[in-house]
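Remarks on the overall topology
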Amino acid sequence: MSLSTGARLGPYEILAPLGAGGMGEVYKARDPKLDRLVAIKVLPEHLAKDPDALARFEREAKALAALQHANVLGIFDFLTEGGVAFAVMELLDGETLRSLLAGGPLPQRRALEIAIQVAHGLAAAHGKGIVHRDLKPENVIVLKDGRVKILDFGLAKRVQPVDLNGPTQAIGAAQSTEKGMILGTLGYMSPEQVRGETVDARSDIFSFGTLLFELLTGERAFARGSAADTLAAILKEDPPEFEASGRQLPGPVRRILAHCMEKDPARRFQGAQDLTFALESAVGESGSAPALGPSTRPSRAASLRRAGMLALIAAGVFAGWLGRRSASNGEPARPIRFELMAPEGTQFDWREQQNSFAISPDGRRIAFVVVGSNGHRSLWVRPLEELAAIALPGTEGAAAPFWSPDSRSLAFFASKKLKKIDTLGGQPVTLCEVPDAYPSGSWGSQHGIIFAGVAAPGITLLPEGGGTPRPVLKADASRQEISVGWPSFLPDGRHFLYLGRIESERQPNVRVANTLDCQTAALVSNCSQAHFVPGSSHRGSGQILFAREGSLLAQPFDADRLKITGEAIPAGQEIKHHLFIGSANCSASDNGFLASRDHRGLDRLAWFDRNGKPKGTLPVSGKFRSIQISPDALKVVTNREDPHTGHASLWVGDLARGVFT
């Protein structure tokens, strides 16, 4: 049947048609009682007379009503009026994954963020004994606010809990009539669905794997030239190698995909909760490694882990507009925080004498130095919208990277040489020799590159296009300066910030100078190196970022007049820095993105049960020199170094209460 605008179904007023499919017509409607907009799905008249179709429609309504989860379409009512069966559901404003995929594969991070929400929805369904059986891009919608909803539980079936020693039998009257039937969508079905066998939650895991593969590659994992060939591929063939799509994928995510699409259900994730945990770990939202199956279950001795290893070997990265306003509502934009993991088999190179990472001026990529298993340093680059980083060839021994103003090339130091490399391809080019093994540098828009060592007596300029480096600034004896360093160009490419250390105070001060006449002026005292971040009104207005007493601060600064224009305020996080040396492990882009090392660089304790399931964390961080669990597994004792004083003392943690004393 077709409903016209203004028609009524029960108390609901039809406003407009939204779409139609084989199992129903969907309308936008108004609920007058609660004064809200809803979606109404109406079973077509010819199907309403079909007992099997009506039972499926009711089954979907009951499945949705049982779930009530943020990642599953919500249902408000199910009614029959005048022979018309209809369900009243929440009205969604978004796009299906099929629509999003029309433009090709999604960026890896976005694909995985969507996949995690789908996995959460599946976990909720499986926890209620409900198997979807038709997971595909058409049945997942991404709302405008970023939330993800699973749709169409029309093929959903209630099942018993998974028996790892054999197939799970479906319960209910439909079992006998459906045995041997192929239910699902071609290309997304599990092997057991193709064979017409009864299925359990592990069938949804397989379908999830095909969905994630398509999000990441833009291609269907088992699509072939004919239906028969597609079914045969699901039963017998492996999905194509991910690299065939021309994209790279981190090892943990590749293993998750393979684990989802095992032909044997016993070899897959045994539930969506395990899948969710593995995905979140792979994306970097937890410090533990992905749990990829029973073989990775830890022993009791390993059940208390150092979940904060990320703080030791990774940079905390967050995106924030640092005072900018949202274009849509004029309110301050909410920061987005996420953590960056070192590539597999490497660890970040943390040194107090240099910055080991740099975010590009356009805020799209981050470069960082890692140490490989062979002990050698090298330079890597990762787009922030992707999860995979790329090693730059010929960068062995690299240190202290910094970007060109156009965000295309990187300069770095290696073997006492200043080098540059085009990040889009090519080998490094040597620019000049440098005397200091631990330098810092900045690439200006007009006047080349300036650099200095940590304890160097002066700052050196390498003219644009190369040539002979020349000193541009020396420590000023009249101010009792013993060294100058950490130069950072301002937008005009001529003036730069730098740090001058005074012997009597033994604390650095930020000053501003230029490359032409070397006139200097004091700006900020008792702080770390500084970065300038342009404001939203014009490039000359902005803030300088620096660290002081463990906090990252932002102070308004007019780069045209070279004047501080306001008080310093906290920029939203603590930060690790070395006051005497002047280093601060942070890097800012021109559009307000900030990358920084965790302010502690310390461990955070978490504990897990025997199956690898997280049970909680202890609310204290530190350098834990030793860890011992009590025989009853209720307490832990550790020798903890205070992050502020450096003094060590014994601390006891109560695992049951999550308290550390």
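Source: prediction; values computed, not measured.

A word on the confidence of the model for the chain
Taken over all residues, the pLDDT of the chain has a mean of 75, while the share at 70 or more is 71%. When the criterion is pLDDT under 50, residues 159-182 qualifies, and its contacts beyond four places in sequence or with other chains add up to 38 contacts. Ignoring residues within four places in sequence, the model shows residues 285-335, a span with pLDDT below 50, making 140 contacts including any to other chains.

Concerning the pattern of salt bridges
One pass over the full model with this rule turns up 19 salt bridges. In this structure, E13 engages R30 in a salt bridge whose closest nitrogen and oxygen atoms are separated by 3.5 Å. Placement of E13 in strand 2 (residues 12-21) and of R30 in strand 3 (residues 24-31) is noted, with a sequence separation of 17 residues between them. Taking relative accessible area as the criterion, R30 reaches 26% and is therefore assigned partly exposed. The residue D558 makes a salt bridge to R561 at a minimum N-O spacing of 3.1 Å. Residue D558 is classed as buried on the basis of its relative accessible area of 14%.

A few points about a nonpolar patch on the surface
A cluster of nonpolar side chains, L18, L37 and L91, forms an exposed patch at the surface whose accessible area comes to about 240 Å². Of note, L91 is situated in the loop between strand 6 (84-90) and strand 7 (94-96).

Focus on the sheet that holds strand 20 (residues 399-403)
Spatially, four strands are ordered 20-21-22-23 in an open sheet, and the strand pairing comes out antiparallel. Each of the sheet's edge strands pairs with one partner strand only, and the pair in question is strand 20 and strand 23 (429-433). Ignoring strand direction, the axes of neighbouring strands in this sheet form an average angle of 25°. Note: strand 22 (residues 417-422) against strand 23, four bridges, orientation antiparallel. Among the inter-strand pairings, K417 is bridged to a residue of strand 23, identified as E433.

Thoughts on the pairing of strand 26 (residues 458-462)
The side chains of a regular strand alternate, residue by residue, between the two faces of the sheet. In terms of burial, strand 26 is largely enclosed, as five of its five residues are buried. Because side chains alternate across strand 26, one face comprises the buried residues G458, T460 and L462, and the other comprises I459 and L461, equally buried. Of the pairings in the sheet, the one linking strand 25 (residues 449-453) to strand 26 comprises three bridges and is antiparallel in character. Pairing of I449 across the sheet is with L462, part of strand 26. Bridge analysis of strand 26 against strand 27 (residues 470-474) gives four bridges, and the strand direction is antiparallel. Looking at the pairing, L461 lines up with R470 of strand 27.

Some points on the packing of helix 4 (residues 108-127) against helix 10 (residues 272-283)
Their axes nearest at 8 Å, the elements helix 4 and helix 10 cross at an angle of 160°. With respect to helix 10, the axis of helix 4 lies roughly antiparallel. Relative to helix 10, helix 4 is oriented so that their crossing is left-handed. Along its contact with helix 4, which presents R109, L112, A115, I116, A119, H120, L122, A123 and H126, the element helix 10 presents A272, Q273, L275, T276, L279, E280 and V283. Classifying every residue of the contact of helix 4 with helix 10 by side-chain character gives 10 nonpolar, four polar and two charged.

A word on the packing of helix 9 (residues 251-260) against helix 10
At a minimum axis separation of 9 Å, helix 9 and helix 10 run at an interaxial angle of 160°. It follows from the interaxial angle that helix 9 and helix 10 lie roughly antiparallel. Considering the relative orientation of helix 9 and helix 10, their crossing is left-handed. Residues P252, V253, I256 and C260 of helix 9 touch helix 10, and the partners they reach there are L275, A278, L279 and A282.

Focus on helix 4
For the α-helix, the turn length of 3.6 residues means that residues three or four positions removed from each other point alike. Taking 1.5 Å of rise per residue, 20 residues should cover 28 Å, and helix 4 covers 28 Å from first to last C-alpha, within 8% of that figure. With 15 of 20 residues buried, helix 4 lies mostly within the body of the structure.

What about unusual backbone geometry?
Glycine aside, a negative phi is what most residues show, and trans is what most peptide bonds show. For R133, which is not glycine, the phi dihedral falls at a positive 75°. Mapped onto the elements, R133 comes out in the loop between strand 8 (130-131) and strand 9 (140-143). Not every positive phi belongs to a glycine, and A400 is a case in point at roughly 50°. In this fold, A400 is placed in strand 20. Given the relative accessible area of 5%, A400 is considered buried.

Conventions and cut-offs
- Residues numbered from 1 in each chain as written.
- Predicted model: local features only at pLDDT ≥ 70, side-chain atom pairs only at ≥ 80, totals over all residues.
- Heavy atoms only, no water.
- pLDDT = per-residue confidence, 0-100.
- Contact = heavy atoms within 4.5 Å.
- Salt bridge = Lys/Arg side-chain N within 4 Å of Asp/Glu carboxyl O.
- Helix = DSSP H or I, 4+ residues; strand = E, 2+ residues; numbered from the N terminus.
- Buried < 20%, exposed > 50% of the residue type's maximum accessible area, 1.4 Å probe, protein only.
- Patch = residues over 30% accessible without salt bridge, like charges linked within 9 Å, V, L, I, M, F, W, Y side chains within 5 Å.
- Areas by Shrake-Rupley, 256 points an atom, 1.4 Å probe, with all protein chains shown as cover.
- Pairing = 2+ DSSP bridges.
- Axes fitted to C-alpha atoms, helices over the stretch in contact; angles between N-to-C directions.
- Parallel < 35°, antiparallel > 145°, perpendicular 65-115°, else oblique.
- Left-handed = near helix turned anticlockwise from the far one by under 90°.
- Nonpolar A, V, L, I, M, F, W, Y, C, P; charged D, E, K, R; others polar.
- Expected span 1.5 Å × (residues − 1).

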